[in-house]
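# Observations on the three-dimensional arrangement
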Amino acid sequence: MVEPAVADSLLAAIGARDYEAIAACFAVDARFLVLTPKPQLRDHNGPAEAEERYRRWLAGLDPFVVLDADREVIADRVRIRYRFRGRDPEKGWQENEHSGYARVDTDGRIALLTLTCAGFRPVTDPV
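Just so you know, these numbers come straight off a predicted model, no measurement behind them. (Residues numbered from 1 in each chain as written. Predicted model: local features only at pLDDT ≥ 70, side-chain atom pairs only at ≥ 80, totals over all residues. Heavy atoms only, no water.)

Of regular secondary structure, the chain possesses three helices and seven strands. For the chain, the α and β elements follow one another from N to C terminus as α-α-β-β-α-β-β-β-β-β. Taken over C-alpha atoms, the radius of gyration comes to 14 Å for the chain, in line with the 14 Å a tight globule of 127 residues would show. Summarising its shape, the C-alpha atoms of the chain cover approximately 45 × 25 × 25 Å along the three principal directions. Buried residues in the chain amount to 42% of all 127 residues. Counted over contacts in the chain with a minimum sequence separation of 6, partners at least 24 positions apart contribute 51%. Of the roughly 6900 Å² of accessible surface on the chain, a fraction of 49% belongs to carbon and sulfur atoms. Taken together, the 18 basic and 21 acidic charged side chains of the chain have centroids lying 5 Å from each other. (Helix = DSSP H or I, 4+ residues; strand = E, 2+ residues; numbered from the N terminus. Rg over C-alpha atoms; globule rule 2.2 N^0.38 Å. Buried < 20%, exposed > 50% of the residue type's maximum accessible area, 1.4 Å probe, protein only. Contact = heavy atoms within 4.5 Å. Areas by Shrake-Rupley, 256 points an atom, 1.4 Å probe, with all protein chains shown as cover. Lys, Arg positive; Asp, Glu negative; His and termini not counted. Charge placed at Lys NZ, Arg CZ, Asp CG, Glu CD.)

What follows is the structure, given as structure tokens:
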């Protein structure tokens, strides 16, 4: 059974947009694969590249809120899912969901995260 604490840390860091804490969730030699709706497969290596990917997704959204998030252990992986909304200065309100599976290494950090992205979907101005 895998220890899911790093998934909780990652979800908290995403919600806080704490990019250094996001990077700290990834092992030095981690691989981060993202399938986008374009379709495109983005392949990132190491904590710095993971941090930069999250910064590109989240930093420009103001305001920003995580609407829903959860994690579940599935044998030797941790499923991580979160949905967020934010206002992009050029595109207006956007909503997105990411769902993925993490392999956690022996020191409790993410060694591999494969993630699918719903894409930034336009939504009406929330009340």
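From this point on, the discussion continues.
This part covers the packing of aromatic side chains. One pair of aromatic rings is described through two measures. These are the centre distance and the angle between the planes. According to the stated counting rule, one finds seven aromatic pairs in the structure shown. On the numbers, 6.2 Å between centres and 25 degrees between planes, the contact of Y82 with F84 is stacked. Residue Y82 is classed as buried on the basis of its relative accessible area, which comes to 1%. F84 sits in the buried class, given a relative accessible area of 1%. The rings of F26, F32, Y54 and W57 are connected pair by pair, giving a single aromatic cluster. (Phe/Tyr/Trp six-rings, centres within 6.5 Å; stacked < 30°, edge-to-face > 60°.)

Here helix α1 (residues 5-16) spans 17 Å end to end across 12 residues, near enough to the 16 Å set by a 1.5 Å rise per residue. For α1, the complete set of buried residues consists of V6, A7, L10, L11, A13 and I14. Projected down its long axis, α1 shows its buried positions confined to an angular sector of 165 degrees, all on one face. With its phi angle positive at about 50 degrees, R17 sits one or two positions after the end of α1. (Expected span 1.5 Å × (residues − 1). Arc of directions from axis to C-beta.)

Here T36 lies in strand β1 (residues 26-36). Every residue in contact with T36, bar those within four places of it in the chain, is listed here: R42 and C117.

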